[in-house]
Amino acid sequence: QVQLVESGGGLVQAGGSLRLSCAASGSILRFNAMAWYRQAPGKQRELVAALTSGGTTNYADSVKGRFTISRDNAKNTVYLQMNSLKPEDTAVYYCNAERLREIAPTQNYWGQGTQVTVSS
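The notes below deal with the structure included here. (Residues numbered from 1 in each chain as written. Predicted model: local features only at pLDDT ≥ 70, side-chain atom pairs only at ≥ 80, totals over all residues. Heavy atoms only, no water.)

### Points about the overall build of the chain
Helix and strand content of the chain: zero helices and eleven strands. A compact globule built from 120 residues would reach a C-alpha radius of gyration of about 14 Å, and the chain, at 14 Å, matches this within 12%. With the C-alpha coordinates aligned to their principal axes, the bounding extent of the chain is approximately 50 × 30 × 25 Å. In the chain, which comprises 120 residues, the share counted as buried stands at 41%. Carbon and sulfur atoms make up 46% of the accessible area of the chain, which amounts to about 6,600 Å² in all. Separation between the mean location of the 12 positive side-chain charges and that of the 8 negative ones in the chain comes to 3 Å. (Helix = DSSP H or I, 4+ residues; strand = E, 2+ residues; numbered from the N terminus. Rg over C-alpha atoms; globule rule 2.2 N^0.38 Å. Buried < 20%, exposed > 50% of the residue type's maximum accessible area, 1.4 Å probe, protein only. Areas by Shrake-Rupley, 256 points an atom, 1.4 Å probe, with all protein chains shown as cover. Lys, Arg positive; Asp, Glu negative; His and termini not counted. Charge placed at Lys NZ, Arg CZ, Asp CG, Glu CD.)

If you want it as structure tokens, here you go:
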């Protein structure tokens with residue numbers, strides 16, 4: 001079974017930086033895309049950043065210029081570098097992996113989430 005484990009969350013002051021890591025149990029090359037989502041209390045889960053196997057990136061408008069998604073295939077790990085953090089970035093951040101299959105439905109995997117809290 002695929003397992004995704006996030007780490008790196010915590011408490012940081014506004015304007016600070018934090019790097020999240022998502023370690024997969026196997027090669028991330030199995031997935032056509034990996035992404036970071038976040039969910040704040042009372043709000044819908046939203047896509048923050050995505051990275052395809054081909055290297056294409058996509059970011060939410062609210063984080064463009066501040067967040068960067070990257071990967072290290074040798075370490076089976078995806079990262080989210082977060083700079084210039086704002087209180088509005090406070091949320092639980094989740095790692096997501098998507099796998100397209102030839103003769104079966106698309107599979108999605110989720111990590112357990114890591115809390116990011118940005119103070120004023």
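### Describing the pattern of salt bridges
Scanning the model with the defined rule gives four salt bridges in all. Salt-bridge contacts for Arg38 lead to Asp89; the nearest nitrogen and oxygen are separated by 3.0 Å. Remark: Asp89 occurs in the loop between strand E8 (77-82) and strand E9 (91-99) and Arg38 occurs in strand E4 (residues 33-39); sequence separation between them is 51 residues. Each member of the pair, Arg38 together with Asp89, is buried. (Salt bridge = Lys/Arg side-chain N within 4 Å of Asp/Glu carboxyl O.)

### Focus: empty space enclosed by the protein
The tally for this structure, following the rule as stated, stands at one cavity of 30 Å³ or more. Taken as a whole, the largest cavity spans an internal volume of roughly 70 Å³. Contributing elements (two or more residues each) for the lining of the largest cavity: E4 and strand E5 (46-52). Considered class by class, the residues forming the lining of the largest cavity number seven nonpolar, three polar and one charged. (1 Å grid on protein atoms, 1.4 Å probe; cavity = no way out; pocket = protein on both sides within 12 Å on 5 of 7 lines; lining within 4 Å. Points joined across faces, edges and corners; volume = space filled by probe spheres on them. Nonpolar A, V, L, I, M, F, W, Y, C, P; charged D, E, K, R; others polar.)

### Focus on the packing of aromatic side chains
Per the stated rule, a full pass over the model turns up two aromatic pairs. Here the guanidinium or amino end of Arg45 rests over the ring plane of Tyr94, the centre of that ring lying 3.9 Å away. The side chain of Arg45 reaches across the aromatic face of Trp110, ending 4.7 Å from its centre. (Phe/Tyr/Trp six-rings, centres within 6.5 Å; stacked < 30°, edge-to-face > 60°. Lys NZ or Arg CZ within 6 Å of the ring centre and 35° of its normal.)

### Comments concerning the side chain of Ser21
Assignment of secondary structure puts Ser21 in strand E3 (residues 18-24). Residue classification places Ser21 among the buried positions, given a relative accessible area of 16%. When neighbours within four sequence positions are excluded, Ser21 is seen to be in contact with Val5, Glu6, Ser7, Trp36, Thr77, Val78 and Tyr79. (Contact = heavy atoms within 4.5 Å.)

### Let's talk about the sheet that holds E8
Judged by pairing direction, the sheet is antiparallel, and its four strands sit side by side in the order E1-E3-E8-E7 without closing on themselves. Strands at the two margins of the open sheet, each flanked by one partner only, are strand E1 (4-7) and strand E7 (67-72). Averaged over all adjacent pairs, the angle separating strand axes in this sheet is 15°, with direction ignored. With six bridges joining them, E3 and E8 adopt antiparallel strand pairing. In the strand pairing of E8, Ala23 is matched with Thr77. (Pairing = 2+ DSSP bridges. Axes fitted to C-alpha atoms, helices over the stretch in contact; angles between N-to-C directions.)

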